[in-house]
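Understanding the architecture of this molecule
This is what each chain is made of:
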Amino acid sequence: MDEVSALETTVARFMKKEVAPHVPALDLEPAAPAAVTVSRLLQPLGLPGLPGAEGADAEELEPAALVRLVETMAAECAGVAAFVAYAQVGRLLAARCGLAAAPVPVAFGWLEAREPFPADGGVDVAARVADERLTADERAVPLAPAAATLGILARRGPDLCVAWVAPGPRVELGAPLALLGVRAVPCADVRVAGAPLLACTPLQARDLAWVIGLESLLLGACACGTAAAALAAAAAYARDRYQGGTTIDRHEPVALMLAANRANLDGAHAALLAAADGFAPDEPRSWRAAVRAKVATAPVATAAALDAVQVLGGYGYMRDYGLEKRLRDAVALGLLPWDATRLALLDRAGGLLGLDEDG
Amino acid sequence: MEPSSALARVVAHDTRAGQVLERGREFRRRYLDPVAAEVDRRMLLDPHYHPEELVRRGCEYGFLSLPIPAFLGGGGGLSLHSAVLMEELCAGCAGLANIFGAHYLGISGLLLSFDLNLFDRFLRQVPAAERRGEPLLFAAAITEPTAGTDVEDVDLLPKARLSMGARKVAGGYVLDGRKCFISNGSVARFTMLTCALDRKRPAESMSGFVVPAGTPGFSVGRVELKLGQRACHAAELVFEDCFVPDDLRIGTEGGGARLIEVVLAASRAPVAAIATGIARGAYEAALAFARQRPDGAGRLVDRQWVQQALADMHASLELGRQAYLEAGANFDTRVGGPLLGNPAVTETAMRLSAPLRQSALGLRLTGSEAFKRATTQQVLTRLEHAPVAAALGLSSLAKFSCSDLAVKVCLRALEILGPAGALERHAVEKRFRDAKLTQIYEGTNQLNRQAVFKGLVDGGDAWTR
């Protein structure tokens, strides 16, 4: 067993024992208390990017290992897995920007109020840095209520940058925002009114493309793990449930639903693992492969979760049987960080953010 | 969204459909849209909450008595009218709307049995209570914990693993077992249900009953927390040595399977309309989002991919409407028509005979075994198998097509919103959650496809005859 497989086993056990009992509550709790709960629950794992793992002890993980890790976590709870994914994105972006020691978790702010990649090209960012202060009317930043550091995509003059701020009086967090799925990820509107900067680091188009690729990979892995767990639950139910005098897995419509979804999911999963294996800090091709893997994964994961609920019928629709949460998680993960359509267009629009295959 | 050509045509020729549509629109605007998100959120934390005030408001609009015949004081609406109303209300909130929809399903179990005794004792109460501003709700309980699909198709009944049964005792029946996922089950005053008198011969012994809330031995079990349509309770109903007198049996002993078939033929068109309404709500929200969202120098709606997606969604809505309107009209003319006979004659006869029927003596007469058997023979057996199977096929076609379209439309709407779609505040994710249920209830879409095969494909040209 390689090191990553061993870590996967440990994480799977940990999730089942320590996290699973809290999953129903995490799915109901307002996002802010959930953030505290998730951080506390995950502390013993000592994962980099999460509280309690600061400093030299936190072992660096390759993207491929991270993908396998969050996928394993998603089999138990996609929200917790997405929490970890977002924390990794924030941490790795901070490191790429030279802020390896930024207090964790790091939240990275995208936009909601405008289309970030408009039809006429470029990146549309409303946040501005002037006189070493950030002003931003950001909306819906995942992980913000849990963050020790906030990185906000902004413009300083004509240039893109990440403005790094600490939560404080001039960084106003709105009420927790309720999400369709991955509800263990705390989310809130963030408004920054002239907050002093911890740092302001230039961000090239290639850095932005890299972070989109990384987010795509990790959230795609969460979606894959969720859909696979949903299908497994549906298959188990189909083996037990009788209809027409036989178990429903013997009925062709059900057998086909399970088999076709399994095949599609395997294909998307293979693409995702291949993209994760190749993901590299200076390889634009690898970032685009990651985006394409997410484009392939999102509809497959959604379809699998939809059919898994269908196999369970009424039981699939009810909260106590767990499948409806998988469906909500899969659909939400299909929309984050961007939906498949926007990602595909971003990929094709002369290359990711105008970069050709070689960056 | 303006009425499509199909709906506009219906409204142009059917004054009642036009009135129902207008009332539905006003109700949606005044009462559903403002509270839909709040009620949905509240019920996530408290599934026992029942938005009674809103249902009471529905009394002012005559929603609860819409499908009850005019001779009983109701609105005299047909399957088509219920469907038109459902689309309109579900564009606002499918959960709240389905309180009325589930009520119609419960009522149809009595209505389509043409059991005059039960008409006079129960259905007549609905418009009377409505005029007093008191919502009197019905529910229909068919699904059982170990048998969902099997109890909704007479051909599957022999192999059903039933969780519930009834046994004949002196003066009535004793019901034992459970029903599950029953919409309105925890809030209904009267529940129409079906169960087998002989579990070894369920198809032959399936019988219908109406059970008032509070009947000893009848209780509400768990109220489910659902993915969507939360405002409408889905409850488990528990029957423990529950005695139901003979005169609460619907129609004749063993008439339950036939009753279910006719009820589903009537109710699947309105369910298709529910799905279409949900899709419409998602479409309207996505269009509004795309029109206001800045995209560079323009708006998101200026982008071709968004325009194509909206065109697809619009097409789905048009097709959905045509499907449910056709299915509703088909049921009303080919099944409802023969069932009621000449509406003018039936109406007059029922009105003239009302004082006698509703007297103590009259009720004893219409409640007698001989009268029920005679009525059933006169009415239910007058219906030929082919038109019912065809109506069931057509309404099932509408149901699975519209519900599949609804889920797809909601997913397109979420895509137009992008990451914002994952946020509750845009109310598209709620539409998606609501839409999924339409692929499951009233028979899963897989069962509905089988009904289409049996009624329309294998049955050849039955519905065109």
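Residues numbered from 1 in each chain as written. Chains lettered and ligands numbered in written order. Predicted model: local features only at pLDDT ≥ 70, side-chain atom pairs only at ≥ 80, totals over all residues. Heavy atoms only, no water.

**Overview of the interface of chain B and chain A**
Across the contact, 57 residues belong to chain B and 53 residues belong to chain A. Carbon and sulfur atoms supply 60% of the area that chain B and chain A bury against each other, a total of about 4,500 Å² over both sides. Summed over the shared surface of chain B and chain A, the number is four salt bridges. Note that Asp320 of chain A and Arg222 of chain B form a salt bridge whose closest N and O atoms lie 2.4 Å from each other. Counting only elements with at least two residues in the side of chain B that touches chain A, the list comes to helix 2 (15-45), strand 3 (172-183), strand 9 (294-295), helix 14 (385-417), helix 15 (428-438) and helix 16 (445-457) of chain B. Taken together, the residues of the side of chain B that touches chain A break down into 26 nonpolar, 13 polar and 18 charged. (Contact = heavy atoms within 4.5 Å. Buried area = accessible area lost by both parts, 1.4 Å probe. Salt bridge = Lys/Arg side-chain N within 4 Å of Asp/Glu carboxyl O. Helix = DSSP H or I, 4+ residues; strand = E, 2+ residues; numbered from the N terminus. Nonpolar A, V, L, I, M, F, W, Y, C, P; charged D, E, K, R; others polar.)

**Thoughts on the packing of helix 5 (residues 78-96) of chain A against helix 10 (residues 323-335) of chain A**
Packed helices, taken two at a time, are described by the angle between their axes plus the distance between the axes. All names here are of chain A. Remark: helix 5 packs on helix 10, axes separated minimally by 10 Å, with the N-to-C direction vectors making an angle of 30°. Between helix 5 and helix 10, the angle is such that the two are roughly parallel. In this structure, helix 5 contributes Ala78, Gly79 and Ala82 to the contact, and helix 10 contributes Lys325, Asp329 and Leu333. The residue inventory of the contact of helix 5 with helix 10, partitioned by class, reads three nonpolar, one polar and two charged. (Axes fitted to C-alpha atoms, helices over the stretch in contact; angles between N-to-C directions. Parallel < 35°, antiparallel > 145°, perpendicular 65-115°, else oblique.)

**Looking at helix 2 of chain B**
All names here are of chain B. Here helix 2 contains 31 residues, and its C-alpha end-to-end distance of 42 Å stays within 8% of the 45 Å for a straight helix at 1.5 Å per residue. Of all the bends in helix 2, the largest measures some 50° and sits at Ala36. With a side-chain oxygen positioned 3.1 Å from the backbone nitrogen of Arg16, the residue opening helix 2 is Asp14. (Expected span 1.5 Å × (residues − 1). Bend = angle between axes of the 7 residues up to and from the residue. Polar contact = N/O pair within 3.5 Å; in protein donor to acceptor, adjacent residues only side chain to side chain.)

**Side note on unusual backbone geometry**
Glycine aside, the phi torsion of most residues is negative, and most peptide linkages are trans. Residue Pro105 of chain A is bonded to the preceding Val104 of chain A through a cis peptide linkage, with omega at -5°. Among the secondary structure elements, Pro105 of chain A is positioned in the loop between helix 5 and strand 1 (106-109). The linkage connecting Leu336 of chain A with the following residue, Pro337 of chain A, adopts the cis geometry, with an omega of -5°. For Phe114 of chain B, which is not glycine, the phi dihedral falls at a positive 50°. By secondary structure assignment, the location of Phe114 of chain B is in the loop between helix 5 (94-111) and helix 6 (116-123). By relative accessible area, Phe114 of chain B is classed as buried at 6%. (Buried < 20%, exposed > 50% of the residue type's maximum accessible area, 1.4 Å probe, protein only.)

**A look at the packing of aromatic side chains**
For any pair of aromatic rings, the description rests on two quantities: the centre-to-centre distance and the angle between the ring planes. With the rule as written, the count across this model stands at 20 aromatic pairs over all chains. Aromatic side chains Trp110 of chain A and Phe117 of chain A sit 6.2 Å apart centroid to centroid with 70° between the ring planes, which places their arrangement in the edge-to-face category. Residue Trp110 of chain A shares its accessibility class with Phe117 of chain A, and that shared class is buried. Here Phe27 of chain B and Tyr31 of chain B contribute two aromatic rings whose centre-to-centre distance is 5.3 Å and whose plane-to-plane angle is 50°, an arrangement assigned as tilted. Pair noted here: Phe27 of chain B and Tyr31 of chain B are both in helix 2, with a separation of four residues, about one helical turn. Tyr31 of chain B carries the same exposure label as Phe27 of chain B, and that label is buried. The structure contains a cluster of three or more aromatic residues connected by ring pairs, namely Phe27, Tyr31, Tyr61, Phe63 and Phe100 of chain B. The residue whose ring lies beneath Arg42 of chain B is Tyr49 of chain B, and the NZ or CZ to ring-centre distance is 3.6 Å. Taking the ring centre of Tyr173 of chain B as reference, the NZ or CZ of Lys168 of chain B above it sits at 4.7 Å. (Phe/Tyr/Trp six-rings, centres within 6.5 Å; stacked < 30°, edge-to-face > 60°. Lys NZ or Arg CZ within 6 Å of the ring centre and 35° of its normal.)

**Focus on the pattern of salt bridges**
Taken as a whole, this structure holds 60 salt bridges over all chains when the rule is applied. Measuring nitrogen to oxygen at the nearest pair gives 3.0 Å for the salt bridge that ties Arg68 of chain A to Glu8 of chain A. One end of the pair, Arg68 of chain A, is in helix 4 (residues 63-74); the other, Glu8 of chain A, is in helix 1 (residues 3-19), and 60 residues separate them in sequence. Accessibility expressed as a relative area gives 24% for Arg68 of chain A, which makes it partly exposed. Close ionic contact of Glu324 of chain A with Arg328 of chain A constitutes a salt bridge, the shortest N to O distance being 3.0 Å. Of the two residues, Glu324 of chain A and Arg328 of chain A both sit in helix 10, four residues apart, roughly one turn of that helix. An identical accessibility class is assigned to Glu324 of chain A and Arg328 of chain A; each is buried. Among the ionic contacts, a cluster of salt bridges with common partners joins Glu22, Arg25, Arg28, Asp33, Glu87, Glu88, Arg280, Glu284 and Arg321 of chain B.

**Remarks on empty space enclosed by the protein**
Within the structure shown, the criterion is met by seven cavities of 30 Å³ or more. Here the largest cavity defines a volume of roughly 250 Å³. If you trace the largest cavity, you find 21 residues lining it, with Tyr86, Ala140, Pro142 and Leu336 of chain A together with Pro419 of chain B closest to the centre. Among the secondary structure elements, those contributing two or more residues to the lining of the largest cavity are helix 5 and strand 1 of chain A. (1 Å grid on protein atoms, 1.4 Å probe; cavity = no way out; pocket = protein on both sides within 12 Å on 5 of 7 lines; lining within 4 Å. Points joined across faces, edges and corners; volume = space filled by probe spheres on them.)

**Concerning the pairing of strand 8 (residues 187-196) of chain A**
All names here are of chain A. Bridging between strand 3 (residues 133-136) and strand 8 involves four bridges; their strand directions are antiparallel. When the bridges of strand 8 are listed, Ala136 appears paired with Val192. Strand direction decides the pairing type here: strand 4 (residues 141-142) and strand 8, joined by two bridges, are antiparallel. Residue pairing across strands places Pro142 opposite Cys187, the latter belonging to strand 8. Where strand 7 (residues 171-176) meets strand 8, four bridges bridge the pair, whose relative direction is antiparallel. Paired with Val171 across the bridge in strand 8 is Val192. (Pairing = 2+ DSSP bridges.)

**As for the domain arrangement of chain B**
Interfaces are often described in size by the accessible area the parts lose on coming together. Residues and elements named next belong to chain B. Split into domains, chain B comes out as domain 1 (5-136), domain 2 (139-254) and domain 3 (257-464). Computed from C-alpha coordinates alone, the two centres of domain 2 and domain 3 are separated by 23 Å. Counting the surface lost from both domain 2 and domain 3, the interface buries some 1,900 Å², and carbon and sulfur atoms represent 57% of this. Summed over the three residues of domain 2 that lose the most area to domain 3, namely Glu152, Leu227 and Gln229, the buried surface amounts to 32% of that side. At the boundary of domain 2 and domain 3, one finds four salt bridges. Notably, a salt bridge pairs Arg249 with Glu369, separated by 2.9 Å at the nearest N-O pair. Applying the counting criterion to the domain 2 and domain 3 interface returns eight residue pairs in polar contact (both at pLDDT 80 or more). Class assignment of the residues belonging to the side of domain 2 that touches domain 3 gives a composition of 10 nonpolar, seven polar and eight charged. (Domains from an automatic or database assignment.)

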